[in-house]
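Each chain, written out:
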Amino acid sequence: MAKDIKGFIEPRSDEGLSATDQSIAGSIAKCVTKLVLYPLDTLKSRTQASTHGGLNEFRHLSSVTGIYRGLAPKLLLYTPYQAVYMAVYVQAREQLLAGPFPFGPSSPLTFVAAGITAEVSASAVRLPMEVVKLRLQLGIYQNSWHAFKDFAQHPGRLYRGNFVPQTLVHDCAYSAFAWMIFEYSRQWLFSRRGSSELPAHENLALGTFTGGVTALVTNPLDVLKTRIIGRRQDDRFPPLGLLHTARGILRDEGALAFWRGAGFRVAHLAPSHGLYMLLYEVAKLQLATWRTVGGS
């Protein structure tokens, strides 16, 4: 059993790994996960963007290539994003575990704050990636080259008006909920069993449960983000804000519209989160093995 870090049981897969190792493992796990489950993300985005909740207006994008629109820039940028994200998360978690109240090993706020810190730190890479991906999925950009030209000619467009709905509202909320549920549940299992590791199937199950619950809870925020970022750009008018968009959805479509795409979202993020946590742990253990063999 790993030595407690002031009450926090360090996972065995973390032992001897640097922040760089965590970054490499996270990047590998995330890229493989996105490649496998990307079509469900596309279907979710199109359902949420549709005013009436159907996919008919996107039928011209229903081919295999249409379902995978936006994958290229996402995979290209996910390596640096996930590298920054995991390095910051692990370091922030270590600092907060030793921090004063309201943080510490027994406080869920430790993992919430670490997740938010990591998301904001990596947002410079994730924000343009998510905006491009979503607009390709919805057909606003014709292809990746169209997206690249728009960014080159108007670099501020991918950031202007999008940081709050994408990063502060959506990404931070998802990251905070997900790490709080996963870390707190894992610590409970470690303590109950007197062990500092979970078998592969339990990492998969816990990750899947975490992803499903978090996806459902944060779906209204995802709808808001999709509606704001999914609008066609017009430099003559400032982007619409969160409150204006939320009021418009509630007035024109009703409260149920905030749960549009929830089925696709859970179907995508539950297995996605589960597969990621499984691959992340496997990658860390493999890196640790290579470090041991290389140092012997």
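Each chain carries its own residue numbering, running from 1 in the written order of its sequence. Reporting of local features is limited, given that this is a predicted model, to residues whose pLDDT is at least 70; pairs of side-chain atoms are given and counted only at 80 or more, and all residues count toward the totals for whole chains, interfaces and linings. Each side-chain value is worked out from all heavy atoms of the structure, with water and hydrogens disregarded.

(A) Spotlight on the environment of Ile 229. Secondary-structure assignment places Ile 229 in helix H9 (residues 219-229). Linking Ile 229 and Thr 65, residues 164 residues apart in sequence, is a C-alpha distance of 22 Å. Contacts are assigned to residue pairs with any non-hydrogen atoms lying within 4.5 Å of each other. Ignoring any residue separated from it by four or fewer positions in sequence, one finds Ile 229 in contact with Val 131, Leu 134, Arg 135, Asn 162 and Gln 166. The numbering of helices and of strands both runs from the N terminus, where a helix is a DSSP run of H or I of at least 4 residues and a strand a run of E of at least 2.

(B) Representation of the packing of helix H3 (residues 71-97) against helix H7 (residues 163-193) within the structure. Look at H3 against H7: their axes get within 14 Å of each other, and the N-to-C directions meet at 55 degrees. In terms of axis orientation, H3 runs oblique to H7. As for the relative orientation of H3 and H7, their crossing is right-handed in sense. Packed against H3, whose contacting residues are Tyr 85, Met 86, Tyr 89 and Arg 93, the element H7 presents Ser 175, Trp 179, Glu 183 and Arg 186 at the interface. In this classification, Asp, Glu, Lys and Arg are treated as charged, Ala, Val, Leu, Ile, Met, Phe, Trp, Tyr, Cys and Pro as nonpolar, and every other residue, Gly included, as polar. Split by residue class, the contact of H3 with H7 holds 4 nonpolar, 1 polar and 3 charged. Each axis is a line fitted through C-alpha atoms, taken for helices only over the stretch in contact, and angles between the N-to-C directions span 0 to 180 degrees. By definition in this entry, angles of less than 35 degrees are roughly parallel, angles greater than 145 are roughly antiparallel, angles of 65 to 115 are roughly perpendicular, and the rest are oblique. Working rule for handedness: look at the near helix, and if it is turned counterclockwise from the far one by less than a right angle, call the crossing left-handed; if clockwise, right-handed.

(C) Region of interest: the UniProt feature "repeat: Solcar" (unreviewed entry) in the protein chain. As annotated in UniProt, the feature "repeat: Solcar" (unreviewed entry) corresponds to residues 17-95, 106-188 and 198-286 in the numbering used here. Split by type, residues 106-188 is 78% helix and 0% strand. Its first and last C-alpha atoms lie 10 Å apart. UniProt positions are given in the numbering used here, feature names are shortened, and annotations may be inferred rather than shown by experiment.

(D) How the structure looks around unusual backbone geometry. The amide bond that connects Phe 101 to the next residue, Pro 102, takes the cis arrangement and shows omega of 15 degrees. Residue position: Pro 102 is located in the loop between H3 and helix H4 (108-121).

(E) The pattern of salt bridges, seen in detail. Within this document, salt bridges are pairs made up of a side-chain nitrogen of Lys or Arg and a carboxyl oxygen of Asp or Glu, the two lying within 4 Å of each other. Evaluation of the coordinates by the stated rule reveals 21 salt bridges. Between Arg 186 and Glu 281 there is a salt bridge whose closest N-O contact spans 3.5 Å. On the criterion of sequence distance, the pair formed by Arg 186 in helix H7 and Glu 281 in helix H11 (residues 262-295) is long-range, its members being 95 residues apart. Classification of residues uses two cut-offs on accessible area relative to the type maximum, computed with a 1.4 Å probe and protein chains only: under 20% is buried, over 50% is exposed, and between them is partly exposed. On the basis of relative accessible area, Arg 186 is assigned to the buried category, the value being 3%. The class of Glu 281 is buried, set by a relative accessible area of 8%. Connected through shared salt-bridge partners, Asp 41, Lys 44, Glu 119, Arg 126, Glu 130, Lys 133, Asp 171, Asp 222, Lys 225 and Arg 265 make up one network.

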